[in-house]
Amino acid sequence: MSSPSIRPDAIALIGPTASGKTACALDLAQHLPCEIISIDSALVFRDMDIGTAKPTREEQASCPHHLIDLIDPTDAYSAAQFRADAIRLIGEIRARGNVPLLAGGTMLYLKALHDGLSDLPQADADLRAEIDAEARTRGWPALHADLARIDPAAAAQLKPNDAQRIQRALEIVRLTGRSLAENYAQREDDSDTPTLAILALEPSDRSVLHTRIALRFEQMLAAGLLAEVAALRQRYALTPEMPSMRCVGYRQAWEHLDGDYDWVELRDRGIYATRQLAKRQITWQRKFAATWPEVTRIDSLRNDLVKTVRDEALRALAA
């Protein structure tokens, strides 16, 4: 993997939600010939702008942005697709003489890009339809029990009602005849993996981040998050189980619109879910920092955060 002494193929700016990534990325684009590649699993969806804190049209017009508004909310976008798209874009951006700047907080995407992926079988529509039909007849706990008989280790990691993961686990095991662990041990060729300089924003005081998260979610509600979700439900054939509607904020808005709880609980649940997301993101980052030498940790509460990020990026590119 990459070394801090080698000029990287790309800069990656990561951090928990509400840590200041967008401002830092836009500042870098004012000082470097950057093109921004989103590392955000929510920004791929069209018509989901408020709850995803999607960069505004003006912000996107200030420099080229990629991997935003790729698919409808009824579709799905995987870590494997992100890896392939990011590798292609990094090559194209470098060929134009520009700096690829990856920015976002979907740590699974970054890990897929950095470490490569297991050589798992592609989704099989017919088999998935068969599994879904079984689930409608027998229920997901029964399919979880089936998985436990053929791959006990995989089943032990999943809850009996975790439909999406049970479906994928059964699909892989049935297609390959191997356990999930054996399949994950089969690695793809990662010779095209780009070298990265990773700048990881992390708050020195978690309470400040929590305050920012609460303020931002309240601003999303004031900006029309509920109206956005209502419009999405009217325009698209959505279900609450789809990846788009499992995004933080959208799940809670959906449940509120269904009458599951009032506005105050919507606010509280949305803030809590966002705080939990930030906690998971920080945990991922600390694992990266412990094992990847190219990670530079930066306190996101620094008064000179934007300048510090710019200086670190310039230092990495000067290697």
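Check the entry above for the structure.
Nothing here was measured: the structure is a model prediction, and the numbers come from that model.

K.L.:
Could you clarify how one ought to interpret the overall build of the protein in this entry?
P.N.:
Scanning the protein for helices and strands turns up 14 helices and six strands. A globule of 319 residues ought to have a C-alpha radius of gyration of about 20 Å, and the protein, at 21 Å, matches this closely. Principal-axis analysis of the C-alpha atoms gives the protein an extent of 60 × 50 × 35 Å. Counting across all 319 residues of the protein, residues that qualify as buried make up 47%. Of the contacts formed within the protein by residues at least 6 apart in sequence, a portion of 76% connects residues at least 24 apart. On the protein, roughly 15600 Å² of surface is accessible, and the fraction owed to carbon and sulfur atoms is 50%. Positive and negative side-chain charges of the protein, numbering 39 and 45 respectively, have mean locations separated by a distance of 4 Å.

K.L.:
Is there a simple way to think about the pairing of strand 4 (residues 99-104) in this case?
P.N.:
Side-chain direction in a regular strand flips from residue to residue, so the side chains alternate between the two faces of the sheet. Counting buried positions along strand 4 gives six out of six residues, so the element sits mostly inside the fold. By the bridge criterion, four bridges tie strand 1 (residues 10-14) to strand 4 in an arrangement that is parallel. Residue pairing for strand 4: I14 is matched across the bridge by G104. Examined bridge by bridge, strand 2 (residues 34-38) and strand 4 share five bridges and lie parallel to one another. In the strand pairing of strand 4, I36 is matched with L101.

K.L.:
Explanation requested: the pattern of salt bridges in the structure shown.
P.N.:
Charged atoms that come close allow side chains of opposite charge to pair. By the definition in use, this model includes 28 salt bridges. With its nearest N and O atoms 3.4 Å apart, the salt bridge here joins E92 to R88. Highlighted residues: E92 and R88, both in helix 3 (residues 79-95), separated by four residues, approximately one helical turn. In this structure, R267 and D268 form a salt bridge, with 2.9 Å as the shortest nitrogen-oxygen distance. Owing to a relative accessible area of 23%, R267 belongs among the partly exposed residues under this scheme.

K.L.:
Is there a simple way to think about the state of the cysteines in this case?
P.N.:
Note on terminology: disulfide describes a covalent bond linking the sulfur atoms of two cysteines. Under the defined criterion, the tally for this structure stands at zero disulfides. Residue C24 stays outside any disulfide, its sulfur separated by 12 Å from that of C34, the closest cysteine.

K.L.:
Help me understand the packing of helix 1 (residues 21-31) against helix 14 (residues 305-317), please; the structure alone is not making it clear to me.
P.N.:
A pair of packed helices is captured by two measures, namely the crossing angle of their axes and the spacing between those axes. At a minimum axis distance of 9 Å, the contact between helix 1 and helix 14 shows a crossing angle of 55 degrees. The angle between helix 1 and helix 14 falls in the class oblique. Taken as a pair, helix 1 and helix 14 cross one another with a handedness that is right-handed. Residues C24, D27, L28 and H31 of helix 1 pack against L305, V306, V309, R310 and A313 of helix 14. Taken together, the residues of the contact of helix 1 with helix 14 break down into six nonpolar, one polar and two charged.

K.L.:
Could you clarify how one ought to interpret the side chain of T274 in this entry?
P.N.:
Of note, T274 is situated in helix 13 (residues 263-291). Dropping the residues within four chain positions of it, T274 is found in contact with T17, I213, F217 and V248.

Rules used in this analysis
Residues numbered from 1 in each chain as written. Predicted model: local features only at pLDDT ≥ 70, side-chain atom pairs only at ≥ 80, totals over all residues. Heavy atoms only, no water. Helix = DSSP H or I, 4+ residues; strand = E, 2+ residues; numbered from the N terminus. Rg over C-alpha atoms; globule rule 2.2 N^0.38 Å. Buried < 20%, exposed > 50% of the residue type's maximum accessible area, 1.4 Å probe, protein only. Contact = heavy atoms within 4.5 Å. Areas by Shrake-Rupley, 256 points an atom, 1.4 Å probe, with all protein chains shown as cover. Lys, Arg positive; Asp, Glu negative; His and termini not counted. Charge placed at Lys NZ, Arg CZ, Asp CG, Glu CD. Pairing = 2+ DSSP bridges. Salt bridge = Lys/Arg side-chain N within 4 Å of Asp/Glu carboxyl O. Disulfide = S-S within 2.5 Å. Axes fitted to C-alpha atoms, helices over the stretch in contact; angles between N-to-C directions. Parallel < 35°, antiparallel > 145°, perpendicular 65-115°, else oblique. Left-handed = near helix turned anticlockwise from the far one by under 90°. Nonpolar A, V, L, I, M, F, W, Y, C, P; charged D, E, K, R; others polar.

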